[in-house]
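Close look at the chain arrangement
For reference, the chains in residue letters:
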Amino acid sequence: MSSTHRLRALATSVAATAALTAPLVLGAVPAHAAAGDDWLHVSGNKIVDEAGKEVWLTGTNWFGFNASERVFHGLWSGNITTITKGMADRGINTVRVPISTQLLLEWKAGTFLKPNVNTYANPELEGLNSLQIFDHWLTLCEKYGIKVFLDVHSAEADNAGHVYPVWWKGAITTEDVYAGWEWVAERYKTNDTIIGADVKNEPHGTPGATERAKWDGSSDKDNFKHFAQTAGRRILAINPHWLIFVEGIEVYPKPGVPWTSTGLTDYYGTWWGGNLRGVKDFPIDLGANQDQLVYSPHDYGPLVFDQPWFQGTWDRTTLERDVWDPNWLYLHKQNTAPLLIGEWGGFMDGGRNEKWMTALRDLIVERRLSHTFWVLNPNSGDTGGLLNHDWTTWDEPKYALLKPSLWQDGGKFVSLDHTVRLGGAGSTTGKSLAEVGGQPGDGTAPTVPANLAVGTPSTTSVPLTWSPSTDAGSGVAGYEVYRGTTLVGTTTSTAFTVTGLTADTSYSFTVRAKDVAGNVSAASTMVTTRTAVGGTADTVAPTAPTGLEAGTGTTTSIPLRWTPSTDNVAVTGYDVYRAGTLVGSSTTPSWTATGLAAGTSYVFTVVAKDAAGNRSASSSALTAYTAPDVATGSCAVTYAANSWSSGFTGSIRITNTGTTALTGWTLGFGFADGQTVTQGWSAAFTQTGSSVTATGLAWNSTLAPGASTEIGFNGSHTGTNTAPRAFTVNGAACTVR
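Predicted, not measured: the structure shown is a model, and the values here were computed from it.

A separate point is helix α3 (residues 130-144). The end-to-end C-alpha distance of α3 is 21 Å, a good match for the 21 Å that 15 residues give at a rise of 1.5 Å each. Residues Ser 130, Leu 131, Ile 133, Phe 134, Asp 135, Trp 137, Leu 138, Leu 140, Cys 141, Glu 142 and Tyr 144 constitute the buried set of α3. Looking at the buried positions of α3, the neighbouring elements they touch are α1 (80-89), β5 (94-100), α2 (101-109), β6 (147-154), α4 (174-187) and β7 (194-198). Put simply, Asn 129 is the residue that caps the front of α3, since its side-chain oxygen is 3.0 Å from the backbone nitrogen of Leu 131.

A word on the pattern of salt bridges. For the structure on display, the rule yields 36 salt bridges. Between Lys 147 and Asp 192 there is a salt bridge, with its nearest N and O atoms 3.9 Å apart. With Lys 147 in strand β6 and Asp 192 in the loop between α4 and β7, this residue pair connects regions lying 45 residues apart in the sequence. The same class applies to Lys 147 and to Asp 192, which are both buried. Among the charged side chains, a salt-bridge network with shared partners connects Arg 96, Asp 151, Asp 198, Glu 247 and Glu 343.

The antiparallel open sheet is built from 3 strands, whose spatial order is β24-β25-β28. Of all strands in the sheet, those bounded by a partner on one side alone are β24 (546-550) and β28 (590-593). Here the average twist between neighbouring strands, direction ignored, is 20 degrees. For β24 and strand β25 (residues 558-563), the ladder comprises 3 bridges, and the chain directions are antiparallel. Opposite Ala 550, over in β25, you have Leu 560 as the bridge partner.

What follows covers the confidence of the model for the protein chain. Put simply, the protein chain has an average pLDDT of 89, and 93% of its residues get 70 or more. The model gives residues 1-35 a pLDDT under 50, and that stretch makes 115 contacts with residues more than four places away or in other chains.

Quick look at the sheet that holds strand β26 (residues 571-578) now. Think of a sheet as strands paired side by side through backbone hydrogen bonds, with each pair either parallel or antiparallel. The 4 strands lie next to each other as β27-β26-β29-β30, forming an open sheet whose pairing is antiparallel. Unpaired on one side and paired on the other, β27 (581-586) and β30 (622-625) mark the two borders of the sheet. Neighbour-to-neighbour, the strand axes of the sheet open up by a mean angle of 35 degrees, direction not taken into account. Relative to β27, β26 runs antiparallel, the two being bridged by 5 bridges. Counted as the bridge partner of Asp 575 is Ser 585 from β27.

Attention now goes to the environment of Gly 715. Mapped onto the fold, Gly 715 is located in strand β39 (residues 708-716). For the pair formed by Gly 715 and Leu 464, sequence separation is 251 residues and the distance between their alpha carbons is 48 Å.

Before going further, it helps to examine the state of the cysteines. Taken as a whole and judged by the stated rule, the model has 1 disulfide. In this model Cys 635 forms its disulfide with Cys 734; the gap between the sulfur atoms is 2.0 Å. Handedness here is read from the sign of the S-S torsion; for Cys 635 and Cys 734, about -95 degrees, the answer is left-handed. With Cys 635 in strand β31 (residues 632-643) and Cys 734 in strand β41 (residues 732-736), the pair connects residues that are 99 residues apart, well separated along the chain. The exposure classification of Cys 635 matches that of Cys 734, with both residues buried.

What counts and how
- The residue numbering used here restarts from 1 in each chain and proceeds along that chain's sequence as written.
- Confidence filtering applies because this is a predicted model: local features only for residues at pLDDT of at least 70, side-chain atom pairs given and counted only at 80 or more, and all residues used for totals across whole chains, interfaces and linings.
- Computation of side-chain values: all heavy atoms of the structure, hydrogens and water removed.
- By the criteria applied, helices consist of DSSP H or I runs no shorter than four residues and strands consist of E runs no shorter than two, each listed in order from the N terminus.
- In this analysis, the expected span of each helix is defined as 1.5 Å times one less than the number of residues it contains.
- Exposure classes here rest on a 1.4 Å probe applied to the protein chains alone. A residue is buried below 20% of its type maximum, exposed above 50%, and partly exposed in between.
- The contact definition used throughout considers only heavy atoms, calling two residues in contact when any of these lie within 4.5 Å.
- Polar contact is the term for a pair of N or O atoms within 3.5 Å; when the atoms are in protein, one must be able to donate a hydrogen and the other to accept it, and sequence-neighboring residues count only if both atoms are side-chain atoms.
- When a carboxyl oxygen of Asp or Glu is within 4 Å of a side-chain nitrogen of Lys or Arg, the pair counts as a salt bridge.
- Paired strands, in this sense, are two strands between which DSSP finds at least two bridges.
- Angles shown run from 0 to 180 degrees and are taken between the N-to-C directions of axes, each axis being a line fitted to C-alpha atoms and, for helices, limited to the stretch in contact.
- The pLDDT value expresses, per residue, how confident the predictor is, ranging between 0 and 100.
- Cysteine sulfur atoms that pair up within 2.5 Å are treated as a disulfide.

Right, dumping it as structure tokens:
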């Protein structure tokens, strides 16, 4: 399955584009007062300091340096010192900073674009270029006890650059990525405020895509394992003290399936950057510096994309069993390597998304997993941020959810700096690493939960409540709920509903408290209850299938997939209709229509059914197209889109793959879901029905052999935004990359 094209930034600020005509002199490299005393490495599944003391990286992301602004977002109104001090005071001991390879190469060359900074709000940044602003910020981080690691978020400096699936793009090659990392590793090798490198954000791509990231034992250009291993080794050859953070990919083939397969059900899929199944077969090898390796998956909730595992009944137990364990948590449980969850977070919806955030937060606390929350920025379109849109006040409910997962010892936030308290000298809310005695936490368990009580049971669930425990050391982190001797769930509140039970059956429950250091209390007094009596015939129909979408079609076939339906008993299958006529059935949420005509549109719907014969309502209709049966022209097209509730931004790169100049081009393509172009740039756009044409302007209407131009547009949609499958230039079909 595909993850969504997440819209990270919807900022409407104006990015300055005036390039300086001459290279600027690079500022002096900021050096730590006692360089080298805070370097970290790994031991088993833990990150430790040079003395072997376990540390806990608990932080956030702050984006902007990766985007066209080439500087932190928010400096158009907020003050850099105030924002940084605020993070430290609230327990953020690590900041993951997204950057781009293009920015690193510009810094290396000493050429800069004017940064988008309000110098009235930031007088300390007056006259500084983007690199000097970054170095100034590093001195603030050192002052307030914050550690930093860099993340190559995209190849190009682009607000939507993370959408591109691989680490190279356009003129930026894989070798450029290595060179950028080597330059920045050399520049900061004596400054232990920067502790590591996330070699590439969210490599991804689906089966059959022209460009996608895979994970195997080859040295192929698109093998992310090979790229990450090579990048890590080249960085560590310069600075052997940096942690190397390696993310996952999107899909991984099931046993016996080759990477050449395009079958929709031949792969395990998850979030971009979240699939680390390949480590079992092809682990990253950093040679003599293997003790610098940290795996770094990403995970998101249903408001980012309503993945199949969020359908029907789900909870912390099912997420851990079905998603986290097989994709990345096994690396921690098997003591293979530490984990740092590089991105997680989202909107506080009071419902499913918040339920997911709480479940993952509880896992992070229970397992003491390092993490950087997505995100500080309020202008992340699909998650929101820790800051409100004034870039000054904090989203207090979201911070309250995050706070238990921030490293605290004796009620104070802990810095990763051995001498500087989190919050700076004289801080009363933070402490330095040297002030934490022994291993993180304490040795005293919380008090036993009291007054465990049962609410009104249903046929399949039992609600429980209890009085809060207390802990004089590191603080109560949460509670474990047991059915008999079986752990059935964890929570940070004093209420929990046990689900998945059998009607008219007796059950016994106890609760234990757990503190931040991992100490667990004795069990509460046991309570026993009985679920309600069931026994009615099944007359409930499954839910209607949602998320119906088409894969990459051929001239005669269209692969379909959809989000599974749910049912009070079980869904047994699906019927697929074309223009109202039953054309096939499937027991899985996918099916391929065959025997179709080339270049033709078809309308599909799907109905779910259960064993009792109940049938769901029909899914929303999907219009999909077979590939055109025309000769391929001398052109290639790359299409990407960022979608939100009812709108999207499209980006199209057109490349002349022929041997003669392409003059006076007109691009043609069609939408399958009634999308509408509302505004375009770098081309003249027209639309008739579902068909769109874009004609080059005077300055880009001629493309030399091998040359490219990029055009874009804003559009609207009604909930489904399938990407165009076919493009033509001057009537001839283009290769779709």
